[in-house]
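Each chain, written out:
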Amino acid sequence: VAVDDMMGNDSTSGQQNIVVRDLTLQGPDVPRIVDKGHGLRLENIDKAYVINVEVNDVPMDGIYIGYKNKDGGPKGASNVRVTGCKVNRSQRQQIGLIMGNNVVIDNCTIDGTNKHGAIIYAGIDLEPDDAGTPVMNSYVVGNTISNVNIGIALNGANGESRNPATVHDNKV
């Protein structure tokens, strides 16, 4: 399985009770030419922990939490905690949350130093694609973020935020 598809899964029911810990993912450290190459991608998943994972030099998002279209609709991530992780030099978002419910991102260290001329968008990006992929009950707490255009981005679907996140005690 490719690293980009490591936690993305194609089953209808998704995966549950997943723990990924004490892992380093080293990307190719080359300029992004296509929209592929997330470090760790979590989709269609429930009750997952990502603990002390380090992601370096990937072409897209270091850690991507999103969805897969299954049975006519998107299946996102729920009850996920990303804690104590280090994400360095990803060429898009360092951590992106596109569809999730009850997602906690805490005590992570993020360095978006630009090595290939790409615009490093956000350290942590909470950005649903549209009203059908909501971000709900999210917590961004105690993270340290440096060398990015935007430290923490809270974007609503179509410019409208229906589900605010709790954000506190972060250093940007």
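For every chain, the first residue of the written sequence is number 1, and numbering continues from 1 onward in sequence order. Local features are withheld for residues below a pLDDT of 70 in this predicted model, meaning they are given only at 70 or higher, and side-chain atom pairs are given and counted only at 80 or more; totals for whole chains, interfaces and linings count all residues. Values reported for side chains reflect all heavy atoms of the structure, with hydrogen atoms and water molecules removed beforehand.

Side note on the overall build of the protein chain
Right, on to step 1. Note on conventions: DSSP H or I runs of at least 4 residues are helices, E runs of at least 2 residues are strands, and numbering of each starts at the N terminus. Summing up its helical and strand segments, the protein chain has zero helices and 17 strands in all.
Right, on to step 2. The buried share of the protein chain, taken over its 172 residues, is 48%.
Right, on to step 3. Taking contacts inside the protein chain between residues at least 6 apart in sequence as the whole, the part at least 24 apart equals 76%. Exposure categories follow from relative accessible area, calculated using a 1.4 Å probe and restricted to protein chains: below 20% of the type maximum is buried, above 50% is exposed, and the middle band is partly exposed. By the convention used here, residues are in contact when the closest approach between their heavy atoms is within 4.5 Å.

As for the sheet that holds strand S2 (residues 40-43)
Note on sheets: strands pair through backbone hydrogen bonds, and any given pair is parallel or antiparallel.
Right, on to step 1. When DSSP finds two or more bridges between two strands, those strands count as paired. Spatially, S2-S4-S9-S12-S16 is the arrangement adopted by the five strands of the open sheet, whose pairing is parallel. Each of the sheet's edge strands pairs with one partner strand only, and the pair in question is S2 and strand S16 (150-154). The sheet shows a mean angle of 5 degrees between the axes of neighbouring strands, taken without regard to direction.
Right, on to step 2. With three bridges joining them, strand S4 (residues 63-66) and strand S9 (residues 95-97) adopt parallel strand pairing. In the strand pairing of S9, isoleucine 65 is matched with leucine 97. Angles here are taken between N-to-C directions and fall from 0 to 180 degrees, while the axes themselves are lines fitted to C-alpha atoms, restricted in helices to the stretch in contact.

Structural notes on the environment of glycine 100
Right, on to step 1. Looking at the element boundaries, glycine 100 is found in strand S10 (residues 100-106).
Right, on to step 2. For glycine 100, a relative accessible area of 3% translates into the label buried.
Right, on to step 3. For glycine 100 and valine 135, which are 35 residues apart along the polypeptide, the C-alpha to C-alpha distance reads 4.9 Å.
Right, on to step 4. Among residues more than four places away in sequence, those in contact with glycine 100 are Ala77, Pro134, Val135 and Met136.

So, unusual backbone geometry
Right, on to step 1. You will see that asparagine 17, though not glycine, has its phi angle at about 55 degrees, which is positive.
Right, on to step 2. Following the sequence through the fold, asparagine 17 ends up in strand S1 (residues 15-26).
Right, on to step 3. Positive phi is not limited to glycine here, since asparagine 147 has a value of about 60 degrees.
Right, on to step 4. Looking at the secondary structure, you find asparagine 147 in the loop between strand S15 (144-146) and S16.

Observations regarding the side chain of histidine 38
Right, on to step 1. By the secondary structure assignment, histidine 38 is in the loop between S1 and S2.
Right, on to step 2. Distance and chemistry together define a polar contact, namely a pair of N or O atoms within 3.5 Å, with one atom able to donate a hydrogen and the other to accept it when in protein, and with adjacent residues in sequence counting only for side-chain atoms on both sides. At a separation of 3.2 Å, a polar atom in the side chain of histidine 38 contacts the main-chain amide nitrogen of aspartate 61.

Regarding the pairing of S2
Right, on to step 1. Every second residue of S2 is oriented toward a common face, with Leu40 and Leu42 on one face and Arg41 and Glu43 on the other, all of them buried.
Right, on to step 2. Bridge analysis of S2 against S4 gives four bridges, and the strand direction is parallel. Across the sheet, glutamate 43 pairs through a bridge with glycine 66, a residue of S4.

Quick word on the confidence of the model for the protein chain
Right, on to step 1. Mean pLDDT for the protein chain: 86, with 87% of residues reaching 70 or above.
Right, on to step 2. Known as pLDDT, the predictor's confidence for each residue is given on a scale from 0 to 100. Below pLDDT 50 for its whole length, residues 1-8 participates in 20 contacts with residues either more than four positions away or in separate chains.

Brief notes about the environment of glutamine 94
Right, on to step 1. Topologically, glutamine 94 is positioned in the loop between strand S8 (86-88) and S9.
Right, on to step 2. Within polar-contact distance, the side chain of glutamine 94 engages the backbone oxygen of serine 90 at 2.8 Å.

What about the pattern of salt bridges?
Right, on to step 1. Counted as salt bridges are all cases of a side-chain nitrogen of Lys or Arg within 4 Å of a carboxyl oxygen of Asp or Glu. Summed over all chains, the structure comprises seven salt bridges.
Right, on to step 2. A salt bridge links aspartate 22 to arginine 21, with the shortest nitrogen-to-oxygen separation between them at 3.1 Å.
Right, on to step 3. Accessibility expressed as a relative area gives 45% for arginine 21, which makes it partly exposed.
Right, on to step 4. Residues arginine 81 and aspartate 106 are paired through a salt bridge, measuring 2.6 Å at the closest nitrogen-oxygen approach. With arginine 81 in strand S7 (residues 77-83) and aspartate 106 in strand S10, the pair connects residues that are 25 residues apart, well separated along the chain.
Right, on to step 5. Given the relative accessible area of 34%, arginine 81 is considered partly exposed.

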